[in-house]
Amino acid sequence: MVKHDMTNIIFAGVGGQGVLLAGKILMQVALDAGYDVKESEVHGMAQRGGSVDCHVRYGDTVYSPLVEKGGADYIVAFEYVEAIRKLDYLKEDGKLIVNRLAVKPVLVEAGLEEYPQDVESWIKENVKNSVLIDTKDVLKEVKSSRALNIVMLGALANYLAFDKESWEEAIKKTVKEKFVEMNLNAFDRMFKKTAGQLDIMV
Amino acid sequence: MHKKIMLGNEAVARGAYEAGCMVAAGYPGTPSTEILESVAANYRGIKAQWSPNEKVALDVVAGASVAGARAMAAMKHVGLNVAADSLFTLSYTGVNGGMVIVNADDPGAWSSQNEQDNRHYARAAKLPMLDPSSPEEARQFTRMAFDISEQFDRPVIVRITTRVAHSQGAVNLEEPKKAKLKPFERNPKKYVMIPAHARPRHLFVEEQAKKLKEYSETSGLNRIEWNSRSTGIITNGIAYQYVKEVCPDASILKIGMVWPLPDKLICEFCNNVDELYVVEELDPFIEDYTRALGYKPRGKEIIPICGELTPEIVDMAINQKVPGNKIPSYYGKLPGRPPALCKGCPHGYVFNVLKKLDLNVNGDIGCYTLAVLPPYSAMHTQTCMGAGIGMHVGFEKARGEDFIKKTVAVIGDSTFVHSGIAPLIDLVYNKCHGTVIILDNRATAMTGHQDHPATGRTLMGEETHELDLELLAKACGVRRVRKVDPKDVETFERVVKEEIEAKEPSVIISLRKCILKR
């Protein structure tokens, strides 16, 4: 990609983790900040219990809704294996943010395949710009595992140039009204928890 | 002008609303489903409906058009196969109110049984086809399509692909036109296609094709973006965006109207660039056309014909970019995450029994098709909507009554209503003995729980007559119709054994609501 003002972010997880909503909120933040923005996602059969990803790109003018391999500034992975699966999209100096969680696929549960045990240590050794975050505590505090997507955004927000209020505005515009307060709370907790200390969490 | 982030499919719905569309019909199918859902949710003035299948939907839309309303049908690529019979003759009748058919292709077969390239339909049915490359163009082109339809008296196809349908972007919201009925006039020479009427209408179709070709040259839907003339790329749809991204210095002929193609523009472009390329997803549609005009572009020799394109595929093909990444790859094997039936899915109980009894299973289209995969591995044929019951008949015709005792056909409730009824009639009519299991989970589940005639609810959320599948099967001539809850595994297994042994046709309605449905 020739443009340098472009920011490319990939969210990766599994069906039901709220990956697409995370992308939608980021898009809203970028649009409100005056950027052109595009996103790409996959619906339908591929979504049933499968891997789900969502590419978000923003800049002056965005053409492709897909990030090119080796072009992602950030990959935000909602669990270990999906982080590994997306690695060929990461820029050499791109950042990998990984939720410390293993979601076992059906075939692993059925004993037909194995879930690798060393993903976390492998990432620490091999991906220099990686950040592993604990989301369990925050999710417990807000009493909702469904806020995982917002919690992941809370961590990501520390890296991006948007102010906290614009994230909160976008959350208000995007999530269902009765969940707004809980989600704002979840965002705030992870934002503060990780502010200024993300890089030393590796 | 107000800007809003929209999914490509939502932008199509918005375009129809802005154009004053009054009637919209379709059948759910990825990647097209959200078009009608968005119409029903956001533009309540449009009468939107799920029809039993795409052909019915297109006929409804044609009727609305002839009656004077602007109307839109929406379906996935294989849905247009179902509606194709109507499509080819609607090309002859033309329209009264603007008629737009939105067709969603699925390169990559993310959620489909094939990767067919429906641009061929436009050429074969002699219909104009627009091919937007972004959500904003999806809105603009859909809106324009209604005007083109009325101006040239042609149904217009708007073709989107998965990466346009399911990508989001900023969309400009324009003021809607006021929806207005045109007068209905009896005109059998235009709307009754007996051979004596069809022949002159064919002449009309060819005359309009010439006018549309002129429109294709000058409307701006097809346009040249001059840049360096050493490289020229003809491209359309989402591929345009990838080309803009990875070849910022090249000259581009952007094809937004993919049929009819603009000969003069193509020649002007080809005559003024050194290296000529065509970058398009799926078939060499524009490439073959350009070759027929006497040029020799590089196209499918470097751009794959199978699967969807990505920016890196285009980058590799045109710029010889070497793939490679400084980030190391994980050394081990990663577990797959194939789509699977949900925990507690009613289909799971059914397929456990079919697997245990070691039956051959003629399958169909829906979530239950996933039973072909482990841990069930219990489906042995599946082609397209409604095919399973007809194949079941063929199994018996080929291998006889004893063989069919070891075989069942399975089909979902929505799929059965879509195109399973005629083959069930065939099964009885042609004296077969097979057993058909209707997997009734009370929804079109795979595409997101859309309603259908047997759920008793419409797309607009109204209560309606609930089609009784048991009565329907009986009316087809099946005397043995059993309704069983598959979660009662013992009973279910006993019923299956009894029905496959029966010396006459039988239908088992396996009734349990989808686990995800509230």
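About the criteria used
- Residues numbered from 1 in each chain as written.
- Chains lettered and ligands numbered in written order.
- Predicted model: local features only at pLDDT ≥ 70, side-chain atom pairs only at ≥ 80, totals over all residues.
- Heavy atoms only, no water.
- Contact = heavy atoms within 4.5 Å.
- Salt bridge = Lys/Arg side-chain N within 4 Å of Asp/Glu carboxyl O.
- Polar contact = N/O pair within 3.5 Å; in protein donor to acceptor, adjacent residues only side chain to side chain.
- Helix = DSSP H or I, 4+ residues; strand = E, 2+ residues; numbered from the N terminus.
- Nonpolar A, V, L, I, M, F, W, Y, C, P; charged D, E, K, R; others polar.
- Pairing = 2+ DSSP bridges.
- Expected span 1.5 Å × (residues − 1).
- Bend = angle between axes of the 7 residues up to and from the residue.
- Buried < 20%, exposed > 50% of the residue type's maximum accessible area, 1.4 Å probe, protein only.
- Domains from an automatic or database assignment.
- Buried area = accessible area lost by both parts, 1.4 Å probe.
- Patch = residues over 30% accessible without salt bridge, like charges linked within 9 Å, V, L, I, M, F, W, Y side chains within 5 Å.
- Areas by Shrake-Rupley, 256 points an atom, 1.4 Å probe, with all protein chains shown as cover.
- Lys, Arg positive; Asp, Glu negative; His and termini not counted.
- Charge placed at Lys NZ, Arg CZ, Asp CG, Glu CD.
- Phe/Tyr/Trp six-rings, centres within 6.5 Å; stacked < 30°, edge-to-face > 60°.
- Axes fitted to C-alpha atoms, helices over the stretch in contact; angles between N-to-C directions.
- Left-handed = near helix turned anticlockwise from the far one by under 90°.

### Overview of the interface of chain A and chain B
Turning to step 1, where the next piece is worked out: Counting from both sides, the interface comprises 58 residues of chain A and, opposite them, 50 residues of chain B.
Turning to step 2, where the next piece is worked out: In this structure, the connection of chain A to chain B is made through five salt bridges.
Turning to step 3, where the next piece is worked out: Measuring nitrogen to oxygen at the nearest pair gives 3.5 Å for the salt bridge that ties B:Lys333 to A:Glu113.
Turning to step 4, where the next piece is worked out: Counting the contacts that link chain A with chain B gives 17 residue pairs in polar contact (both at pLDDT 80 or more).
Turning to step 5, where the next piece is worked out: Among the secondary structure elements, those contributing two or more residues to the side of chain A that touches chain B are α1 (19–32), β2 (36–41), β3 (51–59), α2 (80–85), β5 (90–99), α3 (106–109) and α4 (119–126) of chain A.
Turning to step 6, where the next piece is worked out: If one sorts the elements of the side of chain A that touches chain B by residue count, β2(A) sits on top with five residues.
Turning to step 7, where the next piece is worked out: For the side of chain A that touches chain B, the per-class residue count stands at 29 nonpolar, ten polar and 19 charged.
Turning to step 8, where the next piece is worked out: Bridging between β2(A) and strand β8 (residues 167–173) of chain B involves three bridges; their strand directions are antiparallel. When the sheet's bridge partners are listed, A:Lys38 is paired in β8(B) with B:Gly169.

### Describing helix α4 (residues 77–93) of chain B
Residue pairs three or four apart in sequence face the same way in an α-helix, which turns once every 3.6 residues.
Residue and element names in this part refer to chain B.
Turning to step 1, where the next piece is worked out: Helix length check: α4, at 17 residues, gives a terminal C-alpha distance of 23 Å against a target of 24 Å (1.5 Å per residue), a fit within 8%.
Turning to step 2, where the next piece is worked out: The largest bend along α4 reaches roughly 70 degrees and is located at Ala83.
Turning to step 3, where the next piece is worked out: Buried residues of α4: His77, Val78, Gly79, Leu80, Ala83, Ala84, Ser86, Leu87, Leu90, Ser91 and Thr93, and no others.
Turning to step 4, where the next piece is worked out: In the stretch just after α4, Gly94 is the one whose phi turns positive, near 70 degrees.

### Observations regarding the side chain of B:Glu225
All names here are of chain B.
Turning to step 1, where the next piece is worked out: Tracing the backbone through its elements, the reader meets Glu225 in strand β9 (residues 222–225).
Turning to step 2, where the next piece is worked out: At a separation of 2.7 Å, a polar atom in the side chain of Glu225 contacts the side chain of Tyr240.
Turning to step 3, where the next piece is worked out: Excluding residues that lie within four positions of it along the chain, Glu225 makes contacts with Tyr240, Lys244, Ala250, Ser251, Ile252 and Lys254.

### Examining unusual backbone geometry
With glycine set apart, most residues show a phi of negative sign, and most peptide bonds adopt trans.
Residue and element names in this part refer to chain B.
Turning to step 1, where the next piece is worked out: Cis peptide bonds are those with omega within 30 degrees of zero, and the linkage from Thr30 to Pro31 qualifies with 10 degrees.
Turning to step 2, where the next piece is worked out: Its place among the elements puts Pro31 in the loop between β2 (23–26) and α2 (34–42).
Turning to step 3, where the next piece is worked out: Positive phi, close to 65 degrees, is recorded for Leu282, a residue that is not glycine.
Turning to step 4, where the next piece is worked out: As for its position among the elements, Leu282 is in the loop between β13 (275–279) and α12 (285–292).
Turning to step 5, where the next piece is worked out: Take Leu282: its relative accessible area is 1%, and that puts it in the buried class.
Turning to step 6, where the next piece is worked out: In the Ramachandran plot, Arg442 falls in the positive-phi region, its phi being about 65 degrees despite a non-glycine side chain.

### Observations regarding the domain arrangement of chain B
Interface size, as often reported, equals the accessible area lost upon joining of the parts.
All names here are of chain B.
Turning to step 1, where the next piece is worked out: Parsing chain B into structural domains produces domain 1 (2–218), domain 2 (222–319) and domain 3 (346–511).
Turning to step 2, where the next piece is worked out: The C-alpha-based centres of domain 1 and domain 3 are spaced at 33 Å.
Turning to step 3, where the next piece is worked out: Listed by partner, the interface residues are 18 residues for domain 1 and 16 residues for domain 3.
Turning to step 4, where the next piece is worked out: Considering only the side of domain 1, the residues that lose the most area to domain 3 are Tyr27, Trp50 and Gln113, jointly responsible for 37% of the buried surface there.
Turning to step 5, where the next piece is worked out: Across the domain 1-domain 3 interface, the total number found is zero salt bridges.
Turning to step 6, where the next piece is worked out: Summed over the shared surface of domain 1 and domain 3, the result is five residue pairs in polar contact (both at pLDDT 80 or more).
Turning to step 7, where the next piece is worked out: When contributions to the side of domain 1 that touches domain 3 are tallied by element, the ones reaching two or more residues are α2 and β3 (47–50).
Turning to step 8, where the next piece is worked out: Among the residues making up the side of domain 1 that touches domain 3, the classes are represented as nine nonpolar, six polar and three charged.

### A few points about a positive patch on the surface
Turning to step 1, where the next piece is worked out: A cluster of like positive charges, contributed by A:Arg146, A:Lys176, A:Lys178 and B:Arg518, occupies part of the molecular surface.
Turning to step 2, where the next piece is worked out: Counting through the fold element by element, A:Arg146 comes out in the loop between α5 (136–141) and α6 (148–156).

### Topic: the packing of aromatic side chains
When we look at a pair of aromatic rings, we describe it by the centre distance and by the angle of the planes.
Turning to step 1, where the next piece is worked out: Evaluated as defined, the whole model comprises 17 aromatic pairs over all chains.
Turning to step 2, where the next piece is worked out: With a centroid separation of 5.2 Å and 55 degrees between ring planes, the pair formed by A:Tyr35 and A:Tyr58 is classed as tilted. Of the two residues, A:Tyr35 sits in the loop between α1 and β2 while A:Tyr58 sits in strand β3, which places them 23 residues apart along the sequence.
Turning to step 3, where the next piece is worked out: A residue is classified by how much of its surface remains accessible, and A:Tyr35, at 31% relative accessible area, is partly exposed.
Turning to step 4, where the next piece is worked out: Centroid distance B:Phe88 to B:Tyr121: 6.2 Å. Interplanar angle 70 degrees. Geometry classified as edge-to-face. In this pair, B:Phe88 sits in helix α4 while B:Tyr121 sits in helix α5 (residues 119–125), placing the two residues 33 residues apart along the sequence.
Turning to step 5, where the next piece is worked out: The exposure class assigned to B:Tyr121 is buried, which follows from its relative accessible area of 16%.

### Quick notes on the packing of helix α3 (residues 54–66) of chain B against α4(B)
All names here are of chain B.
Turning to step 1, where the next piece is worked out: One way to put it is that α3 packs onto α4 with a least axis distance of 7 Å and a crossing angle of 35 degrees. Like other packed secondary-structure pairs, α3 and α4 cross with a definite hand, here right-handed. Across the interface between the two elements, Glu54, Lys55, Leu58, Asp59 and Ala62 of α3 pack against Gly79, Val82, Ala83, Ser86, Leu87 and Leu90 of α4.

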